[in-house]
Amino acid sequence: MKLVLENVQTQPGSSFAWQAYDLPHFDHHYHHHPEIEITWILESEGQRLIGDSLEAFGPGDLVMIGSHLPHQYRNWKSGRACSRVIQFDHLRFGRDFFGLPEFSRIRQLLIDSARGICFSDATRLAAQRQMAALFASESSPAQVLALLGLLNLLSEDPEPRKIASSTYTKPVNLKQINRLQRVLNYLEIHWQETVTLADVAKVAALHPQSISRFLRQHLGMNYQEYLIQLRIGRAARLLLESDRTVMNIALDCGYNNLANFNRHFHAAYGKTPSVYRKHD
């Protein structure tokens, strides 16, 4: 997995980009871009990595991702992956545009998007309708007004949730980005295996004590905590999508101790694997 700087292309005659995706699966690359992004998932399930937060996504998921905030969507399985994505550079409206008193809430929304934002159910549903109207419009001025209406709607959410942790720090130079790429790529490949701190430190070309500090700075967690999230998230999907035994799933997800698997699963979902399968 490589952190890629994505070159966002706007539509001809437009100041921002909007794309409707209908694919077998989402592009898995880990990327960032100067534009702020609003992503609405219509169909597909999997995990999204935004900053240092690894969370499940499904149909109806809607998030706002700030400028240069690294992110990645991974499907649980191929089939059909549908989304609507809006990407815009707020500075193209003019440096003083969102500084107007009337846009104070939107200005704060843009600031908060630096950590990524999830929205309440009511706001999310209203935003989906607004996005659908934007995509259906054939008038460029109407699309700009629809975007401003969408931002205003999102800015009024009484219960927004920031996604990345308050301690998250974006990689600030190419050397750090490349090092983080190597670590995430290694864990992506070896998540089902036994992975030690020494293994990760070797991949990053750092001392074991330094790699712990490095990952805490850029992921908000150590390699073991990130690995647990990968494993438990995958296990949750297998519990819902298969009739395999809990023990079999635990083994497949890198656990050879059922009690340890149950403990980690309960910490993540607030219930045992068996109860989760029965009620979710």
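None of these values were measured; they are calculated from a predicted model.

**Student:** What is the right way to look at the overall build of the protein in this model?
**Tutor:** The helix and strand inventory of the protein stands at ten helices and eleven strands. For the protein, the C-alpha radius of gyration of 20 Å lies close to 19 Å, the compact-globule estimate for 280 residues. Along the longest, intermediate and shortest principal axes, the C-alpha atoms of the protein span 60 × 45 × 35 Å. A total of 280 residues make up the protein; the buried ones form 47% of that total. Considering only contacts in the protein between residues 6 or more positions apart, those separated by 24 or more positions represent 72%. The protein carries 30 positive and 27 negative side-chain charges, and their two centres are separated by 6 Å.

**Student:** Looking at this structure, how should I read the packing of aromatic side chains?
**Tutor:** We describe a pair of aromatic rings using the distance from one ring centre to the other and the angle between the two ring planes. All told, the structure shown has 14 aromatic pairs when counted by the stated rule. A centroid spacing of 5.1 Å and a plane angle of 80° characterise the contact between Phe97 and Phe98, whose relative ring orientation is edge-to-face. Accessibility expressed as a relative area gives 4% for Phe98, which makes it buried. Between Tyr269 and Tyr276, the aromatic rings sit 5.0 Å apart at their centres with planes inclined by 55°, giving tilted as the arrangement. The class of Tyr269 is partly exposed, set by a relative accessible area of 31%. Through successive ring pairs, a cluster of aromatic residues spans Tyr255, Phe261, Phe265, Tyr269 and Tyr276. A cation sits over an aromatic face here: Arg231 above Tyr255, 5.9 Å from the ring centre.

**Student:** Explain the sheet that holds strand β2 (residues 17-23) to me, please; I cannot follow it from the model alone.
**Tutor:** Picture the strands of a sheet paired through backbone hydrogen bonds; they go either parallel or antiparallel. The six strands are arranged β2-β9-β4-β7-β10-β11 in an open sheet whose pairing can be described as antiparallel. At either end of the open sheet lies a strand with only one pairing partner, and these are β2 and β11 (161-162). Relative to strand β10 (residues 117-118), strand β7 (residues 62-65) is paired through two bridges, and the arrangement is antiparallel. Within β10, the residue paired with Val63 across the bridge is Cys118. Here helix α3 (residues 140-155) sits on the sheet and contacts β2, β4 (36-43), β7 and β9 (81-88); the angle it forms with β9, its principal contact strand, is near 95°.

**Student:** How should I be thinking about the pattern of salt bridges in this particular structure?
**Tutor:** Here the idea is simple: oppositely charged side chains can pair when their charged atoms come close. All chains considered together, the criterion is met by eleven salt bridges. Note that Glu55 and Arg161 form a salt bridge whose closest N and O atoms lie 3.0 Å from each other. Highlighted residues: Glu55 in strand β6 (residues 53-57) and Arg161 in strand β11, separated in sequence by 106 residues. Here the salt bridges do not stand alone but share partners, grouping Arg48, Glu55, Asp61 and Arg161 into one network.

**Student:** Would you mind going over the pairing of β9 with me for this structure?
**Tutor:** Residues in a regular strand point their side chains to alternate faces of the sheet. Among the eight residues in β9, seven count as buried, and that is most of the element. In the sheet, β2 pairs with β9 via seven bridges, with the strands oriented antiparallel. Looking across to β9, one finds that Trp18 is bridged to Ile86. Here β4 pairs with β9 via seven bridges, running antiparallel. Residue Trp40 lies in a different strand from β9, and its bridge partner there is Arg84.

Criteria and thresholds
- Residues numbered from 1 in each chain as written.
- Predicted model: local features only at pLDDT ≥ 70, side-chain atom pairs only at ≥ 80, totals over all residues.
- Heavy atoms only, no water.
- Helix = DSSP H or I, 4+ residues; strand = E, 2+ residues; numbered from the N terminus.
- Rg over C-alpha atoms; globule rule 2.2 N^0.38 Å.
- Buried < 20%, exposed > 50% of the residue type's maximum accessible area, 1.4 Å probe, protein only.
- Contact = heavy atoms within 4.5 Å.
- Lys, Arg positive; Asp, Glu negative; His and termini not counted.
- Charge placed at Lys NZ, Arg CZ, Asp CG, Glu CD.
- Phe/Tyr/Trp six-rings, centres within 6.5 Å; stacked < 30°, edge-to-face > 60°.
- Lys NZ or Arg CZ within 6 Å of the ring centre and 35° of its normal.
- Pairing = 2+ DSSP bridges.
- Axes fitted to C-alpha atoms, helices over the stretch in contact; angles between N-to-C directions.
- Salt bridge = Lys/Arg side-chain N within 4 Å of Asp/Glu carboxyl O.

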